Amino acid sequence: MSEPDAYLTIDTASTARFTVQGSEFIGHAAPVETVEAAELFLEDVRTEYVDATHNVPAYRVRSDPFREYASDDGEPSGSAGKPMLSVLQGRRMENVCVVVTRYFGGTKLGVGGLVKTYSTATKDVLDAAEIVEKRPRERFEAVVEYDDSGTIRGILESEGVEFDAEYGERVVFEVSVPTADAEAVIDRLRSATGDRVEL
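Residues numbered from 1 in each chain as written. Predicted model: local features only at pLDDT ≥ 70, side-chain atom pairs only at ≥ 80, totals over all residues. Heavy atoms only, no water.

In this section: the sheet that holds strand β8 (residues 137–144). Strand order across the open sheet formed by 3 strands is β8-β10-β9, with antiparallel pairing between neighbours. Two strands lie at the open edges of the sheet, namely β8 and β9 (162–167), each paired on one side alone. Going across the sheet, the axis of each strand differs from the next one's by a mean of 15°, ignoring polarity. Where β8 and strand β10 (residues 171–178) come together, 8 bridges link them in antiparallel fashion. Bridge pairing in β10 places Val 143 opposite Val 172. (Pairing = 2+ DSSP bridges. Helix = DSSP H or I, 4+ residues; strand = E, 2+ residues; numbered from the N terminus. Axes fitted to C-alpha atoms, helices over the stretch in contact; angles between N-to-C directions.)

Here it is in structure tokens:
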């Protein structure tokens with residue numbers, strides 16, 4: 001059972017293409033962490049396919065605040081970007097940007113045809129990518145004297161938390177923990193060291 005704050009995204013960029021009544025559609029998808037990254041990906045696609053009739057974007061980004069965006073890029077209103085966004089919403093996909101490139105082949109598909117085609121292009125490009133479940137993570141540093149470092153390491157290992165330790169004048173633990181578990185882990189570190197840990 002996935003956690004309520006877990007979400008689905010893609011692991012790597014992917015592309016998928018098909019032709020409908022002479023028009024070529026190319027779906028591009030990329031994992032993005034920020035709205036800036038999504039806009040950059042869209043810009044890259046537009047630059048690469050500058051001769052295309054349309055480059056239609058849709059993205060959902062878990063930033064602060066959460067952002068969803070879609071544009072029809074010159075296709076009839078509601079026929080392209082919105083259906084693409086609907087696919088992302090329906091699949092609970094976040095931190096993903098999809099751009100569908102269209103080379104017009106001479107036959108108009110009508111609004112219904114476009115809705116179907118842009119939805120299919122989005123599904124195909126997501127199917128071509130590797131879908132992964134992510135849990136939001138919190139990162140923090142725990143700084144202690146050498147005396148407490150064994151205790152801290154023991155707790156982090158028993159909690160199965162990702163960490164790196166740096167041994168300088170004091171010991172610095174770089175910790176990455178699922179957001180849902182962060183508070184419990186921090187509480188354990190504090191009580192085990194009698195509050196000597198600096199976070």
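Bringing the sheet that holds strand β4 (residues 54–61) into the picture now. One open sheet accounts for 5 strands, arranged β2-β3-β6-β4-β5; its pairing is antiparallel. With partners counted over all chains shown, the strands left at the sheet margins are β2 (14–20) and β5 (67–70), one partner each. Mean inter-strand twist for the sheet, computed between neighbouring axes without regard to direction, equals 15°. Here helix α2 (residues 81–90) sits on the sheet in contact with β4, β5 and β6 (96–103), set at roughly 35° to β4. Its contacts with the sheet put helix α3 (residues 110–128) on β2, β3 (23–31), β4 and β6, and the angle it makes with β2 is roughly 145°. (Contact = heavy atoms within 4.5 Å.)

Here we come to unusual backbone geometry. The phi dihedral of Gln 21 falls on the positive side, at around 45°, and the residue is not glycine. Within the fold, Gln 21 resides in the loop between β2 and β3. Located in the positive-phi region is Asp 195, a residue other than glycine, with phi close to 70°. Among the secondary structure elements, Asp 195 is positioned in the segment after α5 (179–192). Look at Asp 195 and you get exposed, because its relative accessible area is 52%. (Buried < 20%, exposed > 50% of the residue type's maximum accessible area, 1.4 Å probe, protein only.)

Moving on: α2. Turning to α2, its buried residues are Gly 81, Pro 83, Met 84, Leu 85, Val 87 and Leu 88. In the core, the buried residues of α2 are packed alongside β4, β5, β6 and α3. In the stretch just after α2, Arg 92 is the one whose phi turns positive, near 55°.

All told, the structure shown has 12 salt bridges when counted by the stated rule. Across the salt bridge formed by Arg 17 and Glu 24, the nearest N and O atoms sit 2.9 Å from each other. Note on Glu 24: relative accessible area 25%, which makes it partly exposed. Arg 190 is the salt-bridge partner of Asp 195, the closest N and O atoms lying 3.7 Å from each other. A relative accessible area of 38% places Arg 190 in the partly exposed class. In the salt-bridge network here, residues are joined through shared partners; they are Glu 145, Arg 170 and Glu 198. (Salt bridge = Lys/Arg side-chain N within 4 Å of Asp/Glu carboxyl O.)

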